[in-house]
Amino acid sequence: MQARIVVAYHSGYGHTAKQAEAVAAGAGKVEDTAVQLVSLAELNDELWQTLAEADAIIFGSPTYMGGSSAVFRTFVEATSGVWGDNMQWKNKIAAGFTNSGNMAGDKLHTLINIALFAAQHGMIWVGLAEYGGWNTSNGSTEDINRLGSWLGAMSQSNNDESPEVTPSASDLRTAEVLGRRVAEVTHVQLRGRATTALQATAV
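Residues numbered from 1 in each chain as written. Predicted model: local features only at pLDDT ≥ 70, side-chain atom pairs only at ≥ 80, totals over all residues. Heavy atoms only, no water.

Once that is clear, we can look at the overall build of the protein. The helix and strand inventory of the protein stands at 6 helices and 7 strands. In sequence order, the secondary structure elements of the protein are arranged as β-α-β-α-β-β-α-α-β-α-β-β-α. Here the C-alpha radius of gyration of the protein, 17 Å, is about what a compact globule of 203 residues would show, namely 17 Å. By principal-axis analysis of the C-alpha atoms, the protein measures approximately 60 × 35 × 25 Å. Put simply, the protein has 203 residues, and 47% of those count as buried. Sequence-distant contacts, at least 24 apart, represent 78% of the contacts inside the protein between residues at least 6 apart. Accessible surface, the protein: about 10,000 Å² in total, of which carbon and sulfur atoms supply 52%. (Helix = DSSP H or I, 4+ residues; strand = E, 2+ residues; numbered from the N terminus. Rg over C-alpha atoms; globule rule 2.2 N^0.38 Å. Buried < 20%, exposed > 50% of the residue type's maximum accessible area, 1.4 Å probe, protein only. Contact = heavy atoms within 4.5 Å. Areas by Shrake-Rupley, 256 points an atom, 1.4 Å probe, with all protein chains shown as cover.)

So this is what it looks like as structure tokens:
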């Protein structure tokens, strides 16, 4: 059974787009998974159809001034029609990721905002299930989850470096791990739904 994963993101300077590509790459490593990257810079019928057909949506936004970007917020508010039409995204799998210039940068606030948005749509949130890295004398910036985030994947990009240089390789590996986990959880959910449907028809 094929799982359809959509990575829906906004990227202001290309750094979050690089993180989105890593998330998609991780999801694509799971067998029988179709992954599609979509930009939220333009809201059109094709975008809404793609999201409607997805089994899981992984949302991404840069963190600007302690929150998601204005472009991402425009998208969030535009989903009120989806929500109002019998909560069309109910029970889809959801996850999130974000990037900022500072190590902390209040990225958690962005992830909380995305998670609450997903919850209002009745979606099922999947976090990052990896121990935090870079937190001992033997740790390093090369550790998975070096920024210590579990609600979603975080990455940090130096403000004076291009997306060709940053985010770091470890942050991109962390993004891959999140994408892979979302795909795995989505397959579990789809198998469960299929089993429930078979049991219902057998009664």
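On the secondary structure map, Lys92 appears in the loop between α4 (80–84) and β5 (93–100). Asp55 provides the closest opposite charge to the buried, salt-bridge-free Lys92, at an N-O distance of 6.0 Å. At 2.3 Å, the side chain of Lys92 and the backbone oxygen of Ala54 are in polar contact. Those residues within four positions of Lys92 in sequence are excluded, and the remaining contacts are Leu51, Ala52, Glu53, Ala54, Asp55, Ile57, Met123, Ile124 and Arg193. (Lys, Arg positive; Asp, Glu negative; His and termini not counted. Salt bridge = Lys/Arg side-chain N within 4 Å of Asp/Glu carboxyl O. Polar contact = N/O pair within 3.5 Å; in protein donor to acceptor, adjacent residues only side chain to side chain.)

Moving on, we come to the pairing of β5. Most of β5 sits out of view: 8 of its 8 residues are buried. Neither face of β5 is open: one carries Ile93, Ala95, Phe97 and Asn99, the other Ala94, Gly96, Thr98 and Ser100, and all of them are buried. Here 7 bridges tie strand β3 (residues 56–64) to β5, and the two strands are oriented parallel to one another. Bridge assignment links Ile58 to a residue of β5, and that residue is Ala95. Across 2 bridges, the pairing between β5 and strand β6 (residues 124–125) is parallel. (Pairing = 2+ DSSP bridges.)

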